Amino acid sequence: MTAKINVFSEIGKLKSVLVHRPGDEIENLTPDLLERLLFDDVPFKKVAVEEHDKFTKIMKDNGIEVLYIEELTAQTLDQNPKLKDKFVEQFIEEANVKPEFVKKYKEFLTKMSNLDMVIKMIAGTKKIELGIKDTKDSYPFVADPLPNVLFQRDPFASVGNGVTLNHMWSVTRNRETLFPDFVFKHNSRFEGVPYFYERIWKDAHVEGGDILVLNKETLIIGVSQRTNMKAIEKIAERLFKEGTYKKIVVLDLPKSRAYMHLDTVFTNVDYDKFITHPLIFDNIDEFKIYELTPKGKREVKEKLVDFLSDVTGTKVQLIRCGGDDPIAAGREQWNDGTNVLTIAPGKVIAYERNWVTIDLLRKAGVEVLTTASSELSRGRGGPRCMTMPLWREDLKK
Ligand SMILES: NC(=O)NCCC[C@H](N)C(=O)O
């Protein structure tokens, strides 16, 4: 079977990537919704869309095919009209729509084109849009907005020629995984992609931001606020059986929103270069490192930089996000200074606001393309968070 997904590193030349163009969901936010819907402020949609279009233009100008989850889902519905009813019912059930509103909401969604319907599913629907005057309950939504669909890094992760289709940590984000699951199971381009995790495995949780594909044999996965060891062990079992991957390095991170995913504190930008936050850099003994192989799990006692040099076979250079100034490090980590997208070995796209980290990357010989971030960063995700690679060229060495 020809491969449909090919991601055997973090740095191989990027040829195809999945994103979501922000929609009304990022303005369907009020202060009291921010915490539950995992945003830190309400973006100005017009500018956020302009910034996202600039970001995707940089990728297109670098020969990268940019696919949109909303378009792939709509295309899959176009290809499978008989599956539409079940897909809509599954979405409505997982949106926890009140029984008295289900019929009206389903009619509202299904009278649209497939693309408009998917965009509306992500945007959320207010009671007033259905002409509902709910005197018993002042909550404004029939179905909540899904503002974090912007971060296509997390609902699933491309690993080798397959994917982990994730069960995520929060209720609000779990709903997002319905879209890629539908695409990978029914879209003619992706049908039959092997799964290394299933969204119905609800006794553990994993998010793509915690998964770093180091090379053809080794993954690095963070235990974070969003991913637990049980999920990693489940992935290991299925992955080792599939045979390509032989090792999973586990970094046990502090469980906090600031470090919500591994890729907020640790990313790979070249064969021998990683960006890391001082948390990783300085407190090496603060957190544990484990190594999972088909033979079992062992704790790693070496320093991370030495361990990485062994695993990569090169002398590894750790570049500090924000440099030596703890204020700049804190500021730039919070605004996704670590979370760059590598589009080729030694070539990244970074938020322009993280100028200290950008300067250090350039001094280390990394080519940095910058993209605007004033509104996009309010959801606490960077260029890596907003993208899931579908195809990277294999590394030469
Ligand atoms: N990989 C990532 O770091 N994704 C960022 C996700 C931000 C989103 N607001 C969340 O809290 O899940």
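All chains use their own residue numbering, which begins from 1 and follows the written sequence. Where totals are concerned, whole chains, interfaces and linings use all residues; where local detail is concerned, this predicted model gives features only for residues with pLDDT of at least 70, and gives and counts side-chain atom pairs only at 80 or more. Water and hydrogen atoms were dropped before computing side-chain values, which therefore reflect all heavy atoms in the structure.

The name that an unreviewed UniProt entry assigns to the protein is Arginine deiminase, with the source organism given as Williamsoniiplasma somnilux. Turning to the protein, the UniProt annotation filed under Sequence similarities (unreviewed entry) states: "Belongs to the arginine deiminase family." Heading Pathway (unreviewed entry) of the UniProt record for the protein holds this comment: "Amino-acid degradation; L-arginine degradation via ADI pathway; carbamoyl phosphate from L-arginine: step 1/2." UniProt positions are given in the numbering used here, feature names are shortened, and annotations may be inferred rather than shown by experiment.

Peer 1: Lay out the overall build of the protein with the relevant residues and their values.
Peer 2: A run of H or I in DSSP counts as a helix once it spans at least four residues, and a run of E counts as a strand once it spans at least two, with each numbered from the N terminus. Each helix and strand counted, the protein has 13 helices and 19 strands in total. Relative to a compact globule of 397 residues, whose C-alpha radius of gyration would be 21 Å, the protein shows 21 Å and is just as compact. Along the three orthogonal principal directions, the C-alpha set of the protein runs to about 65 × 45 × 40 Å. Expressed as a percentage of the 397 residues in the protein, the buried residues total 61%. Contacts are assigned to residue pairs with any non-hydrogen atoms lying within 4.5 Å of each other. Taking contacts inside the protein between residues at least 6 apart in sequence as the whole, the part at least 24 apart equals 71%. Only carbon and sulfur atoms are counted for the fraction: they give 53% of the accessible area of the protein, which is about 16,100 Å². Counted charges follow a simple rule, with Lys and Arg positive, Asp and Glu negative, and His plus the chain ends left uncounted. For the purpose of locating charges, the reference atoms are NZ of Lys, CZ of Arg, CG of Asp and CD of Glu. Computing the positive centroid from 60 side-chain charges and the negative centroid from 61, the protein places the two 2 Å apart. It is over C-alpha atoms that the radius of gyration is taken, and the globule rule equals 2.2 Å times the number of residues to the power 0.38. Under the scheme applied here, a residue whose accessible area is under 20% of the maximum for its type counts as buried, over 50% as exposed, and between as partly exposed, the area being computed with a 1.4 Å probe on protein chains only. Areas reported here follow the Shrake-Rupley algorithm with a probe of radius 1.4 Å; residue values treat only the protein chains shown as occluding.

Peer 1: Tell me about the side chain of K127, and please be specific about residues and values.
Peer 2: Looking at the element boundaries, K127 is found in the loop between β3 (125-126) and β4 (141-143). Under the relative-accessibility criterion, K127 is labelled buried at 5%. One polar contact links K127 to D134, side chain to side chain, over a distance of 2.8 Å. The contacts of K127, once residues within four sequence positions are left out, are K98, F101, I132, D134, D137, Y139, P140, F141 and V142. A 3.5 Å cut-off defines polar contacts: any pair of N or O atoms within that distance qualifies, except that in protein one atom must be a possible hydrogen donor and the other a possible acceptor, and neighbouring residues in sequence count only when both atoms are side-chain atoms.

Peer 1: Give me empty space enclosed by the protein: which residues, what numbers.
Peer 2: Cavities and pockets are found on a 1 Å grid laid over the protein atoms alone: a cavity is a set of points where a 1.4 Å probe fits but cannot escape, a pocket is an open set with protein on both sides within 12 Å along at least five of seven lines, and a lining residue has an atom within 4 Å of such a point. Grid points are joined across faces, edges and corners, and a volume is the space filled by probe spheres set on the points. The full count for this structure, using the stated rule, is four cavities of 30 Å³ or more. In this model, the largest cavity occupies a volume close to 90 Å³. Lining the largest cavity we find 14 residues, and of these F151, R173, M260, G379 and R380 sit closest to its centre. Each residue gets one of three labels, nonpolar for Ala, Val, Leu, Ile, Met, Phe, Trp, Tyr, Cys and Pro, charged for Asp, Glu, Lys and Arg, and polar for the others, Gly among them. Across the lining of the largest cavity, the residue classes tally to four nonpolar, five polar and five charged.

Peer 1: Hey, could you go over the nonpolar core for me, with residue numbers and the actual values?
Peer 2: The criterion is simple. A nonpolar core is a set of buried Ala, Val, Leu, Ile, Met, Phe, Trp, Tyr and Cys residues joined through side-chain atoms within 4.5 Å. Membership of the largest hydrophobic core comes to 65 residues, with the highest contact counts inside it found for Y105, F179, F184, F190 and I248. Of all the elements, helix α9 (residues 229-242) adds the most residues to this core, at seven residues. With sequence-adjacent residues up to four places away left out, Y105 is seen in contact with F91, I92, V97, T125, L130, V142 and A143. Core analysis: the next-biggest nonpolar cluster, separate from the first, contains 27 residues, I58, I64, Y68 and F141 among them.

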